[in-house]
Amino acid sequence: MKALVWHGKEDIRCDTVTDPEIQDSRDAIIKVTSCAICGSDLHLFHNFIPGMLPGDIMGHETMGEVVEVGSGVDGKLKKGDRIVVPFTIICGECDQCKRGNFSVCETTNRKRHLADKVFGHTTAGLFGYTHLTGGYPGGQAEYLRVPYADATHIKVPAGIPDEQLLFLSDIFPTGWQAAVQCDIEPTDTVAIWGCGPVGQMAIRSAILLGANQVIAIDCLPERLSMAEAGGATTINFETESVLERLQELTDGKGPEKCIDCVGMESHVMASLPDTLLDRAKQMVMAESDRPHVLREMIYVCRPGGIISVAGVYSGLSDMLPMGAFMNKGLTMRTGQTHVNRWTDDLLRRIEDGEIDPSFVITHTVPLEQGPEMYQVFRDKRDSCVKVVLKP
Amino acid sequence: MFHFSNIVRTKGDPKILESGPSLKQPVDQLARALGWFSIGLGVVEFFAPRRVTETLGMEGHETMVRAFGVREILAGIMSLSVDKNAGLWARVGGDGLDAAALLSGLTPDNPKKGNIALALLMVGGIAMLDYRAAQDTKPRRPPRDARRKLYPNRSGFPKGIESIRTAARQIAAHAGQNEVKQGDERRIP
């Protein structure tokens, strides 16, 4: 089969690889009908997250049709079923899964000794996302083996196009969880840093959850226009001061809720010296993340407010203003998304026509063009916001 | 390369049969080679500055050579990173500094002026490679003033944003009423 394979920093190729096989009785194989490139795939493209090996298949936003099931799938899936595959692999049986904390499933990371060392405890296995999270082959391919398939799936009905359902795999529940974690109240102003695909979903989620005002921060006109279309007031950080504008829009009080949809690769600008220092330290491996957005959120968030982190961080961040964080009594909530905790509700909202997540797609191309699209997406060429690949 | 990576695959996971074209261009290989060369030269300059000054007949300039070594190492690291273009331009600037420092040592009374002339020739050649690589690895991001497509009609709310806001307000008001009721019940002894 064809698959997008990581060969090294900034080197992804469309290779011919062997087809996946059933390895365990709880496995299923799907024929991929649609998959997407996620912003967090770019961290792997740049080799900023440790644990990738040449030959790893990329991709964790995938859906398709079941073509083979193991004997232990127990009737929960059958050939021909149409499923979206959540990026977190879950067993459905461990203590964390029973609590709904699916992204920290204790069972599915088959290289848990690595995660135990790096994070202190293992987290769930993830598709196509380094050997720290299991080294599972990803879904930017013609076929995908889904481990623990009896639990790791979202069954979706026929009649709704892939484009509306695909993002249940990651970015829609990620944006949703980022907003839910904020405990949004009807009087709240929610400020969202980053208007990439997750930021766009977080904006819509905050609106759906009844925020009084949503403010979106980015520097790319196409992303800001999409954020405005979704109901946000926008701030272009290249032409305006984020701190001043946020104060102005909140009568000097600061937003009650702040969401980070940027993560470890925040924009580097000469006018923001901390970003230059972070980049220099990242280059010599003295710091793994560039946490400018975290610093700004802590500084600007209203005392007693909530900071929700959906953007991916991989390791160590320097110079976080813990004094402000503690003295302002802020709460921080983070985490990879507990996808299956939210998807029943989100699928119902899609079916009811409350939201159509396909609004974010700007490019749809065959799988073979995937490597070039990584560059287009990374360079923000052709006003690219979200790429869907068709195997 | 992939034959080796296939060996470490978990049994049953897909293995590469045939590799597709690489995104890497020849200039990326050149940038990589220049990056490693820069680090190598920097290490020599930093740890053995006396050998360098003796070879060039420029004794007494060890501190400057050591500083140049640090600069070479930093430029090399940058040339190997995703910001390679900045690293390569830093190298082009560094080539200018190297040339200026060498020229200052090219005096008639320097018995090693032949070595300096040779070094200048090398710096010139490498500067050409640096310049070419820096030109060819320019970031392909569109310029800030480039025309971009905008997406003012992509709300994502098929029923319209106002209908969603109204529904959210109604749900919040309903939830608020329920909370008040529960609060009243809790106050009943």
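Rules used in this analysis
- Residues numbered from 1 in each chain as written.
- Chains lettered and ligands numbered in written order.
- Predicted model: local features only at pLDDT ≥ 70, side-chain atom pairs only at ≥ 80, totals over all residues.
- Heavy atoms only, no water.
- Helix = DSSP H or I, 4+ residues; strand = E, 2+ residues; numbered from the N terminus.
- Rg over C-alpha atoms; globule rule 2.2 N^0.38 Å.
- Buried < 20%, exposed > 50% of the residue type's maximum accessible area, 1.4 Å probe, protein only.
- Contact = heavy atoms within 4.5 Å.
- Areas by Shrake-Rupley, 256 points an atom, 1.4 Å probe, with all protein chains shown as cover.
- Lys, Arg positive; Asp, Glu negative; His and termini not counted.
- Charge placed at Lys NZ, Arg CZ, Asp CG, Glu CD.
- Domains from an automatic or database assignment.
- Buried area = accessible area lost by both parts, 1.4 Å probe.
- Salt bridge = Lys/Arg side-chain N within 4 Å of Asp/Glu carboxyl O.
- Polar contact = N/O pair within 3.5 Å; in protein donor to acceptor, adjacent residues only side chain to side chain.
- UniProt positions renumbered as here; feature names shortened; annotations may be inferred.
- Axes fitted to C-alpha atoms, helices over the stretch in contact; angles between N-to-C directions.
- Parallel < 35°, antiparallel > 145°, perpendicular 65-115°, else oblique.
- Left-handed = near helix turned anticlockwise from the far one by under 90°.
- Expected span 1.5 Å × (residues − 1).
- Nonpolar A, V, L, I, M, F, W, Y, C, P; charged D, E, K, R; others polar.
- Pairing = 2+ DSSP bridges.
- Core = buried A, V, L, I, M, F, W, Y, C linked by side-chain atoms within 4.5 Å.

## Remarks on the overall build of chain B
So, step 1. Broken down by element type, chain B carries seven helices and one strand.
So, step 2. The order of helices and strands in chain B, counted from the N terminus, is α-β-α-α-α-α-α-α.
So, step 3. Computed over C-alpha atoms, the radius of gyration of chain B comes to 31 Å, more than 25% over the 16 Å expected from 2.2 N^0.38 for 189 residues, which places it beyond the range of a compact globule.
So, step 4. Principal-axis analysis of the C-alpha atoms places the extent of chain B at approximately 100 × 50 × 45 Å.
So, step 5. Every one of the 189 residues in chain B was classed for burial, and the buried ones make up 34%.
So, step 6. Here the contacts in chain B between residues at least 6 apart in sequence split such that 64% fall between residues at least 24 apart.

## A closer look at the overall build of chain A
So, step 1. Counting its regular elements, chain A contains 13 helices and 18 strands.
So, step 2. A compact globule built from 391 residues would reach a C-alpha radius of gyration of about 21 Å, and chain A, at 20 Å, matches this within 12%.
So, step 3. Counting over 391 residues, chain A shows a buried share of 65%.
So, step 4. Summed over all atoms, the accessible surface of chain A reaches about 13,200 Å², with 52% contributed by carbon and sulfur.
So, step 5. The positive charge centre, built from 37 side chains, and the negative charge centre, built from 53, are 3 Å apart in chain A.

## Remarks on the domain arrangement of chain A
Residues and elements named next belong to chain A.
So, step 1. As assigned here, chain A comprises domain 1 (2-170 + 337-390) and domain 2 (172-333).
So, step 2. Using only C-alpha atoms to locate each centre, domain 1 and domain 2 end up separated by 26 Å.
So, step 3. Listed by partner, the interface residues are 33 residues for domain 1 and 22 residues for domain 2.
So, step 4. Contact between domain 1 and domain 2 buries roughly 2,500 Å² in total, counting both sides, with carbon and sulfur atoms accounting for 71%.
So, step 5. The largest contributions to the domain 1 side of the interface with domain 2 come from Phe48, Trp342 and Phe359, which together make up 24% of the buried area.
So, step 6. Applying the counting criterion to the domain 1 and domain 2 interface returns zero salt bridges.
So, step 7. In this assembly, domain 1 and domain 2 are joined by nine residue pairs in polar contact (both at pLDDT 80 or more).

## Things to note about the UniProt feature "domain: Alcohol dehydrogenase-like C-terminal" (unreviewed entry) in chain A
So, step 1. UniProt records the feature "domain: Alcohol dehydrogenase-like C-terminal" (unreviewed entry) at residues 197-269 of chain A, using the numbering of this structure.
So, step 2. Helix makes up 40% of residues 197-269 of chain A and strand 19%, whereas the separation of the span's terminal C-alpha atoms amounts to 22 Å.

## Some points on the packing of helix α2 (residues 26-47) of chain B against helix α5 (residues 84-104) of chain B
Residues and elements named next belong to chain B.
So, step 1. Viewed as axis vectors pointing N to C, α2 and α5 meet at an angle of 55°, and their least axial separation amounts to 11 Å. It follows that α2 is oblique to α5 by the angle criterion. In this structure, α2 meets α5 at a crossing whose hand is left-handed. Between α2 and α5, the contacting residues are Asp28, Ala31, Leu34, Phe37 and Ser38 on the first element and Lys84, Leu88 and Arg91 on the second.

## A closer look at helix α6 (residues 113-136) of chain B
So, step 1. With 24 residues, α6 of chain B extends 34 Å from end C-alpha to end C-alpha; this agrees with the ideal 34 Å at 1.5 Å per step.
So, step 2. Within the sequence span of α6 of chain B, burial applies to Ile116, Ala119, Val123, Ile126, Asp130, Ala133 and Ala134 of chain B.

## A word on the pattern of salt bridges
Side chains that differ in sign of charge can pair as their charged atoms come close.
All names here are of chain A.
So, step 1. Enumeration according to the criterion identifies 42 salt bridges over all chains in this entry.
So, step 2. Of the charged contacts, one joins Arg26 and Glu93 as a salt bridge, the two residues approaching to 3.5 Å between their closest N and O atoms. In this pair, Arg26 sits in the loop between β2 (11-17) and β3 (28-37) while Glu93 sits in the loop between β7 (88-89) and α2 (95-98), placing the two residues 67 residues apart along the sequence.
So, step 3. Where Glu163 meets Lys390, a salt bridge forms, and the shortest distance between an N and an O atom there is 3.0 Å.

## As for the interface of chain A and chain B
So, step 1. Each partner contributes to the interface: chain A provides 68 residues, whereas chain B provides 48 residues.
So, step 2. Approximately 4,800 Å² of surface area, both sides summed, lies buried where chain A meets chain B, with 54% of it carried by carbon and sulfur atoms.
So, step 3. Here chain A is connected to chain B by six salt bridges.
So, step 4. Put simply, Arg279 of chain A and Asp83 of chain B hold a salt bridge, and the shortest N to O gap is 2.4 Å.
So, step 5. Our count for the contact surface shared by chain A and chain B stands at 28 residue pairs in polar contact (both at pLDDT 80 or more).
So, step 6. Partitioning the side of chain A that touches chain B into residue classes produces 28 nonpolar, 17 polar and 23 charged.
So, step 7. Two strands pair when backbone bridges link them, and β2 of chain A and strand β1 (residues 16-18) of chain B are joined in this way by two bridges, in the antiparallel orientation. Paired with Thr16 of chain A across the bridge in β1 of chain B is Glu18 of chain B.

## Examining the domain arrangement of chain B
So, step 1. Domain parsing of chain B yields domain 1 (25-136) and domain 2 (149-189).
So, step 2. On a C-alpha basis, the centres of domain 1 of chain B and domain 2 of chain B stand 64 Å from each other.

## Quick word on the UniProt feature "domain: Alcohol dehydrogenase-like N-terminal" (unreviewed entry) in chain A
So, step 1. If you check UniProt for "domain: Alcohol dehydrogenase-like N-terminal" (unreviewed entry), the listed places come out as residues 26-154 of chain A in our numbering.
So, step 2. Summarising residues 26-154 of chain A: 15% helix, 26% strand, and an end-to-end C-alpha distance of 15 Å.

## Comments concerning the nonpolar core
So, step 1. If you look at the biggest cluster of nonpolar residues, it comprises 95 residues, and the most contacted ones within it are Leu165, Phe167, Leu168 and Val360 of chain A.
So, step 2. If you tally residues by element for this core, the top one is helix α6 (residues 197-208) of chain A, at seven residues.
So, step 3. With sequence-adjacent residues up to four places away left out, Val360 of chain A is seen in contact with Phe167, Ile171, Pro197, Gln200, Met201, Met226, Val385 and Lys386 of chain A together with Arg154 of chain B.

## What to know about the environment of Gly40 of chain B
So, step 1. Tracing the backbone through its elements, the reader meets Gly40 of chain B in helix α2.
So, step 2. For the pair Gly40 of chain B and Lys84 of chain B, spaced 44 residues apart in the sequence, the C-alpha separation amounts to 17 Å.

## Description of the side chain of Asp379 of chain A
So, step 1. Its place among the elements puts Asp379 of chain A in helix α13 (residues 370-379).
So, step 2. For Asp379 of chain A, a relative accessible area of 5% translates into the label buried.
So, step 3. Apart from the residues within four sequence positions on either side, Asp379 of chain A is in contact with Arg140, Arg141 and Pro142 of chain B.

## Things to note about the sheet that holds strand β15 (residues 306-309) of chain A
Residues and elements named next belong to chain A.
So, step 1. One open sheet accounts for six strands, arranged β13-β12-β11-β14-β15-β16; its pairing is parallel. Where the open sheet ends on each side, the last strands, each with one partner, are β13 (233-236) and β16 (331-333). Taken pair by pair, the neighbouring strands of this sheet meet at an average axis angle of 20°, ignoring direction.
So, step 2. Alignment of strand β11 (residues 189-193) against strand β14 (residues 257-260), held across four bridges, turns out to be parallel. Note that in β14 the partner of Ile192 across the bridge is Ile259.

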